[in-house]
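Here is what each chain is made of, one letter per residue.
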Amino acid sequence: MPRARLRPRRQCPGRPVLFDETLASRVHALILEHPTFGYRRIWAMLRFKLGLPVNLKVVYRLFRLKGWFVHQRVKSARPRAQSRRSRTSRSNERWAMDVTHIDCGRDGWGHLAAIIDCHDREIIGYEFALRGRAREAERA
């Protein structure tokens, strides 16, 4: 007889997972007490604070089935982040600024702030410093 037949079969993904309602009520009470906590922190509180031997995957499945996940903000593109080239009709009409970080070996990182004219893409001013503060950007 093959050895694969001797092992117990795993639960089918199509079968519904039944949860203990006492666990669900405890989790729901913790969610009401701490509404910003996710499933990992709730699991840690169940496991280490309340002393319940609960698996992280069980808590995750419970959150997924009950719809208790913490709402995540939708990431949206910034207004000027469409990667289109800024065009102007004449020089000195619009400027753009770019900051890049340069590895300077043992001295650490250097920060190069450059001011670029959007019409002819010419660098108008720049500032190179070891600190990347707003003061250096103003000097550029």
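Counting restarts for each chain, with residues numbered from 1 along the sequence as it is written. Owing to the predicted nature of the model, reporting of local features is limited to residues with pLDDT of at least 70; listing and counting of side-chain atom pairs is limited to 80 or more, with chain, interface and lining totals taken over all residues. To get the side-chain values, take all heavy atoms of the structure and skip hydrogens and water.

(A) Looking closely at helix α1 (residues 21-33). In a regular helix each residue adds 1.5 Å, so 13 residues correspond to 18 Å; α1 covers 18 Å between its end C-alpha atoms and thus fits that length. Regarding α1, the residues found buried are L23, A24, V27, L30 and I31. Down the axis of α1, the sector holding all buried residues measures 125 degrees, keeping them to one side. In α1, the exposed residues that point more than 90 degrees away from the buried face are E21, L32 and E33. Only DSSP runs of H or I reaching four residues or more are called helices, and only runs of E reaching two or more are called strands; each is numbered from the N terminus. The span one expects for a helix is its residue count, reduced by one, times 1.5 Å. Relative accessibility thresholds used throughout: buried, under 20% of the residue-type maximum; exposed, over 50%; partly exposed, between the two (1.4 Å probe, protein chains only). As used here, the arc belongs to the directions running from the helix axis to the C-beta atoms.

(B) Expanded view of the packing of aromatic side chains. The pairing test for Phe, Tyr and Trp rings, Trp by its six-membered ring, is centres within 6.5 Å, and the orientation test on the planes gives stacked under 30 degrees, edge-to-face over 60, and tilted for anything in between. Taken as a whole and assessed by the stated rule, the structure comprises 7 aromatic pairs. Three or more aromatic residues link up through ring pairs in this structure, and these residues are Y39, Y60, F63, W68 and F69. The lysine or arginine in question, R41, covers the ring of F37, its NZ or CZ lying 4.0 Å from the ring centre. In this scheme, Lys NZ or Arg CZ marks a charge over a ring once it lies within 6 Å of the ring centre and within 35 degrees of the ring normal.

(C) Inspection of helix α3 (residues 56-66) at higher detail. When α3 is considered as a whole, its buried residues turn out to be V59, L62 and F63. The buried residues of α3 occupy an angular sector of 100 degrees when the element is viewed end-on, so they sit on one face. Set apart from the buried face of α3 by more than 90 degrees, the exposed residues are K57 and L65. Looking at the packing, one finds that the buried side of α3 touches α1 and α2 (39-49). Measuring from the backbone nitrogen of K57 back to the side-chain oxygen at the start of α3 gives 3.2 Å, which picks out N55 as the cap. A positive backbone phi angle near 70 degrees is found at G67, which sits one or two residues after α3. Every residue pair with non-hydrogen atoms within 4.5 Å of one another is taken to be in contact. What qualifies as a polar contact is a pair of N or O atoms within 3.5 Å, subject to a donor-acceptor requirement within protein and to the restriction that residues adjacent in sequence count only when both atoms come from side chains.

(D) Region of interest: the sheet that holds strand β2 (residues 109-117). Judged by pairing direction, the sheet is antiparallel, and its 3 strands sit side by side in the order β1-β2-β3 without closing on themselves. Each edge of the sheet is formed by a strand with only one pairing partner; in this case those strands are β1 (95-103) and β3 (123-129). When strand polarity is set aside, the average angle formed by the axes of neighbouring strands in this sheet is 15 degrees. Bridge count for β1 against β2 is 9 bridges, and the pairing is antiparallel. Directly across from D103, in β2, lies its bridge partner W109. Note on pairing: DSSP must find at least two bridges between two strands before they are called paired. Each axis is a line fitted through C-alpha atoms, and for a helix only the stretch in contact is used; angles between axes span 0 to 180 degrees, taken between their N-to-C directions.

(E) Molecular detail of the packing of α2 against α3. Look at α2 against α3: their axes get within 9 Å of each other, and the N-to-C directions meet at 130 degrees. Here α2 lies oblique to α3, going by the angle between them. As α2 runs across α3, the sense of the crossing is right-handed. For the pair α2 and α3, contact is made by Y39, R40, I42, W43 and L46 and by L56, V59, Y60 and F63, respectively. Amino acid classes used here: Ala, Val, Leu, Ile, Met, Phe, Trp, Tyr, Cys and Pro are nonpolar; Asp, Glu, Lys and Arg are charged; the rest, including Gly, are polar. Looking at the contact of α2 with α3 residue by residue, the classes come out as 8 nonpolar, no polar and 1 charged. Small angles under 35 degrees read as roughly parallel and large ones over 145 as roughly antiparallel, with 65 to 115 read as roughly perpendicular and the rest as oblique. If you view the pair so one helix is near and one far, a crossing is left-handed when the near helix is turned anticlockwise from the far one by less than a right angle, and right-handed when it is turned clockwise.

(F) Inspection of the pattern of salt bridges at higher detail. For salt bridges, the criterion is a side-chain nitrogen of Lys or Arg within 4 Å of an Asp or Glu carboxyl oxygen. What the rule picks out here adds up to 1 salt bridge. Here E93 ties to R90 by a salt bridge, and the two come within 3.5 Å at their closest N and O atoms. Judged by its relative accessible area of 40%, E93 falls in the partly exposed class. When its relative accessible area of 51% is taken as the criterion, R90 is described as exposed.

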